[in-house]
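Here's the letter readout for the chains.
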Amino acid sequence: MKGMEKLGTNTSYRIDSVMMRLIIIGIMWIIAFFKSDWKRWQDYHATILFIIAADFYVSLITYNYTLWDLSSELGGHLLNDTLLAVLFFPPVILLYFTYYPKHKGIFRKVLYLMLWVLLFTGIEIAEYYLDNINYDNNWGIMESLFLNIALFIALTVHPARPFFAYFLFLLYVILLITICQIPVSGFK
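The rules behind these values
Residues numbered from 1 in each chain as written. Predicted model: local features only at pLDDT ≥ 70, side-chain atom pairs only at ≥ 80, totals over all residues. Heavy atoms only, no water. Axes fitted to C-alpha atoms, helices over the stretch in contact; angles between N-to-C directions. Helix = DSSP H or I, 4+ residues; strand = E, 2+ residues; numbered from the N terminus. Parallel < 35°, antiparallel > 145°, perpendicular 65-115°, else oblique. Left-handed = near helix turned anticlockwise from the far one by under 90°. Contact = heavy atoms within 4.5 Å. Nonpolar A, V, L, I, M, F, W, Y, C, P; charged D, E, K, R; others polar. Patch = residues over 30% accessible without salt bridge, like charges linked within 9 Å, V, L, I, M, F, W, Y side chains within 5 Å. Areas by Shrake-Rupley, 256 points an atom, 1.4 Å probe, with all protein chains shown as cover. Salt bridge = Lys/Arg side-chain N within 4 Å of Asp/Glu carboxyl O.

**Here we look at the packing of helix α2 (residues 45-61) against helix α6 (residues 162-179)**
Where α2 contacts α6, the two axes come as close as 12 Å, and the packing angle between them is 20°. Taken together, the axis directions place α2 and α6 in an arrangement best described as roughly parallel. Crossing angle aside, the handedness with which α2 passes α6 is right-handed. Judged by residue contacts, F50, A54, Y57, V58 and I61 of α2 engage A165, Y166, F169, Y172, V173, L176 and I177 from α6. Class assignment for the residues of the contact of α2 with α6 results in twelve nonpolar, no polar and no charged.

Next up, the structure:
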């Protein structure tokens, strides 16, 4: 992001990326433990697996054409991204659906979705300024904002209409490959 120094470039401010991610994951699990509707966790099990699989698939198609890099002292991007998906998404999804305004109007639903999008984007901005995430190939925070919108729309739709969520994800992948000009010849 132009005009602002990344805090992580100054070692006196550097927060270890692994530690920061573990703190965020720990906070989400603690909140989920006390505030989620654990009686209904099985209702969202398929959605948790869908989001983890979607994240993994995006990591695979961008493996040779990195858009963002979560590398840390723990290991490379793919390992870090997989650990985040497996450890971070389950409590997030449980919390998201526990408080989702199912019986409210469309305005409340959109507002709720956007609050989660802003939370995810805010975490990413903090990670960026602490030098815990790097962007490549013209990817930036605005692209991540749109990714988060797509993520939460698919997440919201999946429990009631999973095939429509798969269609939205496929559409997103096609747009991602097209807009970011990801070379499909490099897929493994």
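**What about a nonpolar patch on the surface?**
A grouping of W29, I30, F33, F34, W38, W41, L79, L83, V86 and L87 is seen on the molecular surface, where their side chains present a nonpolar patch of about 980 Å² in accessible area. Going through the elements one at a time, α1 (17-35) and α3 (77-98) are the ones with two or more residues in the nonpolar patch.

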